[in-house]
Amino acid sequence: MISKKLYELAFEFKKIKLWSKLYDSQVFAIELSGGEIAYCSVMGHNKEHFALAVYIGDKGWNSFLKCASDHDGFTESQYQELLYSQECLQVSFENKEMLSPEEIEGVKKYTEENGISLRGKNSWPQFMKYQKGFVPWPISEKNDKKILEEVFERILYIEDECGFKNLYLEDFYENFTIQKFSGVKQPLKMEKLQIADSIVDEFSAEFSISNELLDKISDSKKKRSLDCEIVMVPNPVQENKKDVPRCPYMMLARTSQDKLLMNPMILNLEEQSSEMLTAFANSMLENGEIPSEISVRDIRTYKFLERFCEETEIKLVRKDDIPVLDDIYIDLCEHFGVGSRGNDSAQ
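Residues numbered from 1 in each chain as written. Predicted model: local features only at pLDDT ≥ 70, side-chain atom pairs only at ≥ 80, totals over all residues. Heavy atoms only, no water.

## Brief notes about the overall build of the chain
Here is step 1: Assigned secondary structure in the chain consists of 10 helices and 12 strands.
Here is step 2: Across the 347 residues in the chain, those meeting the buried criterion constitute 49%.
Here is step 3: Residue pairs in contact within the chain that sit at least 24 positions apart in sequence constitute 64% of those at least 6 positions apart. (Helix = DSSP H or I, 4+ residues; strand = E, 2+ residues; numbered from the N terminus. Buried < 20%, exposed > 50% of the residue type's maximum accessible area, 1.4 Å probe, protein only. Contact = heavy atoms within 4.5 Å.)

## Comments concerning the side chain of glutamine 126
Here is step 1: Structurally, glutamine 126 can be placed in strand 5 (residues 124-130).
Here is step 2: On the accessibility criterion, glutamine 126 (10% relative accessible area) is buried.
Here is step 3: A distance of 3.2 Å separates the side chain of glutamine 126 from the side chain of glutamate 103, its partner in a polar contact.
Here is step 4: Sequence-distant contacts of glutamine 126, defined by excluding residues within four places in its chain, comprise Gln90, Val91, Ser92, Glu94, Met98, Leu99 and Glu103. (Polar contact = N/O pair within 3.5 Å; in protein donor to acceptor, adjacent residues only side chain to side chain.)

## Considerations on the packing of helix 7 (residues 211-219) against helix 9 (residues 299-312)
Here is step 1: Put simply, helix 7 and helix 9 touch, their axes get as near as 8 Å, and they point 60° apart. Where helix 7 abuts helix 9, its residues Leu214, Ile217 and Ser218 lie against Phe308, Glu311 and Thr312.
Here is step 2: Residue composition of the contact of helix 7 with helix 9, grouped by class: three nonpolar, two polar and one charged. (Axes fitted to C-alpha atoms, helices over the stretch in contact; angles between N-to-C directions. Nonpolar A, V, L, I, M, F, W, Y, C, P; charged D, E, K, R; others polar.)

## Some words on the packing of aromatic side chains
To describe a pair of aromatic rings, one takes the distance between the centres and the angle between the planes.
Here is step 1: The final tally for this structure, using the stated rule, is 12 aromatic pairs.
Here is step 2: Judged by centre distance (4.9 Å) and plane angle (35°), the ring pair of tyrosine 39 and tryptophan 61 falls under tilted. Of this pair, tyrosine 39 sits in strand 2 (residues 37-43) while tryptophan 61 sits in helix 2 (residues 57-68); the two residues are 22 residues apart in sequence, bridging distant segments of the chain. Here the two residues tyrosine 39 and tryptophan 61 agree in accessibility, since each one is buried. (Phe/Tyr/Trp six-rings, centres within 6.5 Å; stacked < 30°, edge-to-face > 60°.)

## Overview of the sheet that holds strand 5
Where strands meet in a sheet, backbone hydrogen bonds hold them as pairs that are either parallel or antiparallel.
Here is step 1: Taken in spatial order, the eight strands of this open sheet run 6-5-4-3-2-1-7-8, and their pairing is mixed. The outermost strands of the open sheet, each flanked by one partner alone, are strand 6 (137-138) and strand 8 (189-194).
Here is step 2: The sheet contact formed by strand 5 and strand 6 spans two bridges and is antiparallel. Residue pairing across strands places lysine 129 opposite tryptophan 137, the latter belonging to strand 6.
Here is step 3: Packing of helix 2 onto the sheet brings it into contact with strand 2 and strand 3 (50-56), and relative to strand 3 it is tilted by some 130°. (Pairing = 2+ DSSP bridges.)

## Digging into the environment of valine 27
Here is step 1: Following the sequence through the fold, valine 27 ends up in the loop between helix 1 (4-16) and strand 1 (28-31).
Here is step 2: Residue valine 27 is classed as buried on the basis of its relative accessible area of 5%.
Here is step 3: The spacing of valine 27 and tyrosine 39 is 12 residues in sequence and 6.6 Å in space, taken between C-alpha atoms.
Here is step 4: Those residues in contact with valine 27 that sit more than four places away from it in its chain are Tyr39, Cys40, Trp61, Phe64 and Ile178.

## What about the pattern of salt bridges?
Here is step 1: In this structure the tally under the stated criterion is 20 salt bridges.
Here is step 2: A salt bridge links aspartate 144 to lysine 129; the nearest nitrogen and oxygen atoms lie 2.9 Å apart. One end of the pair, aspartate 144, is in helix 5 (residues 142-161); the other, lysine 129, is in strand 5, and 15 residues separate them in sequence.
Here is step 3: Measuring nitrogen to oxygen at the nearest pair gives 3.9 Å for the salt bridge that ties lysine 216 to glutamate 212. Here lysine 216 pairs with glutamate 212, and both are found in helix 7, just four residues apart, close to one helical turn.
Here is step 4: Take lysine 216: its relative accessible area is 44%, and that puts it in the partly exposed class.
Here is step 5: Taken together, the shared-partner salt bridges connect Lys5, Glu150, Glu153 and Arg154 into one network. (Salt bridge = Lys/Arg side-chain N within 4 Å of Asp/Glu carboxyl O.)

## Things to note about the confidence of the model for the chain
Here is step 1: Here the chain shows a mean pLDDT of 88. Residues at 70 or above account for 90%.
Here is step 2: This stretch, residues 342-347, has a pLDDT under 50; its non-local contacts, to residues over four places away or in other chains, come to 10 contacts. (pLDDT = per-residue confidence, 0-100.)

## Some words on the state of the cysteines
Here is step 1: The final tally for this structure, using the stated rule, is zero disulfides.
Here is step 2: Looking at the unpaired cysteine 67, the closest cysteine sulfur is the one in cysteine 88, lying at 7.9 Å.
Here is step 3: Residue cysteine 67 is classed as partly exposed on the basis of its relative accessible area, which comes to 25%. (Disulfide = S-S within 2.5 Å.)

## With respect to unusual backbone geometry
Only a minority of non-glycine residues have a phi that is not negative, and only a minority of peptide bonds are not trans.
Here is step 1: The backbone phi angle of arginine 224 is positive, close to 55°, even though this residue is not glycine.
Here is step 2: Here arginine 224 lies in the loop between helix 7 and strand 9 (225-232).
Here is step 3: A relative accessible area of 32% places arginine 224 in the partly exposed class.

## Observations concerning the nonpolar core
Here is step 1: Ranked by internal contacts, the top residues of the largest apolar core, which has 39 residues, are Phe13, Phe28, Leu52, Val54, Phe127, Val151 and Ile155.
Here is step 2: Elements with a minimum of two residues in this core: helix 1, strand 1, strand 2, strand 3, strand 4 (88-94), helix 4 (101-113), strand 5 and helix 5.
Here is step 3: If you tally residues by element for this core, the top one is helix 1, at seven residues.
Here is step 4: Apart from residues no more than four positions distant in its own chain, phenylalanine 127 is found in contact with Ile2, Leu6, Tyr7, Ala10, Gln90, Val91, Trp137, Pro138, Ile139 and Leu148.
Here is step 5: Ranked by size, the runner-up nonpolar core spans 30 residues in total, among them Tyr84, Met251, Leu305 and Leu316. (Core = buried A, V, L, I, M, F, W, Y, C linked by side-chain atoms within 4.5 Å.)

The structure is reproduced here in structure tokens:
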């Protein structure tokens, strides 16, 4: 349930129409009372999506950079995964039909009690949490609500004091600095904050696989090659009704004779990496497809298979591109009714 205070602050934020003054790339930072940094991006300058996105800490900032970067060189699977890669809290102003019945009930209750009219487009506040690999979901955690309250309060202070006059795009693009605001009361302290200028690959997985299985693969006759890639499957699943739906991962594997090795899906790539690798190894044995060489094109799959290939004396090669993997992934998307970049009509 959204508190009266958070509703009040959200409507106050809407009144100042900060999106008319800022572009979404004019990011600024707010130091929270607990010491964490909240990176803020205001959307709505193009008069389409009116929102405030709050990215918390290095993890949040990394996801902002990833979403804001050039995606022209992305593979089909990377493009789909990008859609589920944000790490932020977002308050947006939507049309009524975009909200769930529970959200509508909460907004109506607050506005009726406070004499607020919800006329026109983009009038209904919606409070969502974005997590990598998960479907965007209504905010429910107390700490997330507290963070939004703090951010809104600081933004209203800043608007009252200086009107966001010192947010220069060249600072971000040339010097990789942004304006940071700290303090809990007016006047707030302003200073330049040096920020990371590149995306950090956060994937790390230590596998555990039986020596017996490793020995079987090592001792098997190796022939031909495999093209492999770990992908996110764009078909969210929900283990329990109260859980936030999330997208599973699977290993795509194609032999040089166009045979697909079917591998099971897992929900948490880092926590279940051993399960994925064991299933992958068993699939090779069951199909009699022990390759002398495995080709990959992305750093995540390379890191995932690196030690395994060393242990089993399989050559691991990273290539610039493996187009056939895109074809397989597009077929997978179509199976789940999800469009690719070339066919978004299915979404």
